[in-house]
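Summary of the model geometry
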Amino acid sequence: MKNSVLKGVLGALAVAGVAMVAKKVIERKTFVRGIFNEYGIKEKSPFGLADKIREMDEEKYQELKGKLKKEFASKCCKKDNSCAA
């Protein structure tokens, strides 16, 4: 009896974990799609983004860099940037 209950609990946790990961992937994909649309990048690949970055002036590049850094920053560190990275 205990073994089947444990398997059920672990299964439910696994499903919840997969759902959380899928939600995060969808959010990031939507964010990247928005960046492509905002900057008028027609080729939806890293190469299209790189080509657009080469064409940008410094101000636009810093703006894009800030947006990407904010979205994809690691959440493991404290807000005061005390990480060694």
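Presented here is a report on the structure given in the accompanying data block. Bear in mind that the values here come from a model prediction, so they are computed numbers and not experimental data. (Residues numbered from 1 in each chain as written. Predicted model: local features only at pLDDT ≥ 70, side-chain atom pairs only at ≥ 80, totals over all residues. Heavy atoms only, no water.)

1. Some words on the packing of aromatic side chains
Taken as a whole, this structure holds 1 aromatic pair when the rule is applied. Between Phe 31 and Phe 72, the ring centres sit 5.9 Å apart and the planes meet at 75 degrees, which makes this aromatic pair edge-to-face. Within this pair, whereas Phe 31 is found in helix H1 (residues 2–38), its partner Phe 72 is found in helix H3 (residues 58–72), the two being separated by 41 residues in sequence. On the accessibility criterion, Phe 31 (22% relative accessible area) is partly exposed. (Phe/Tyr/Trp six-rings, centres within 6.5 Å; stacked < 30°, edge-to-face > 60°. Helix = DSSP H or I, 4+ residues; strand = E, 2+ residues; numbered from the N terminus. Buried < 20%, exposed > 50% of the residue type's maximum accessible area, 1.4 Å probe, protein only.)

2. Side note on the pattern of salt bridges
Overall, the coordinates contain 3 salt bridges when judged by the stated rule. Across the pair Glu 38 and Lys 67 runs a salt bridge whose closest N-O atoms are separated by 2.4 Å. Of this pair, Glu 38 sits in helix H1 while Lys 67 sits in helix H3, and the two are 29 residues apart along the sequence. Owing to a relative accessible area of 47%, Glu 38 belongs among the partly exposed residues under this scheme. A salt bridge links Arg 54 to Asp 51, with the shortest nitrogen-to-oxygen separation between them at 2.6 Å. On the criterion of helical spacing, the pair formed by Arg 54 and Asp 51 is a turn pair, its members being 3 residues apart in helix H2 (residues 46–55). (Salt bridge = Lys/Arg side-chain N within 4 Å of Asp/Glu carboxyl O.)

3. Comments concerning the nonpolar core
In this structure, Ile 35, Phe 36, Tyr 39, Ile 41, Leu 49, Met 56 and Leu 64 together form the largest nonpolar core, which totals 7 residues. Not counting residues within four places of it along the chain, the set of residues in contact with Leu 49 comprises Phe 36, Ile 41 and Leu 64. (Core = buried A, V, L, I, M, F, W, Y, C linked by side-chain atoms within 4.5 Å. Contact = heavy atoms within 4.5 Å.)

Just distances and angles here, no functional claims.
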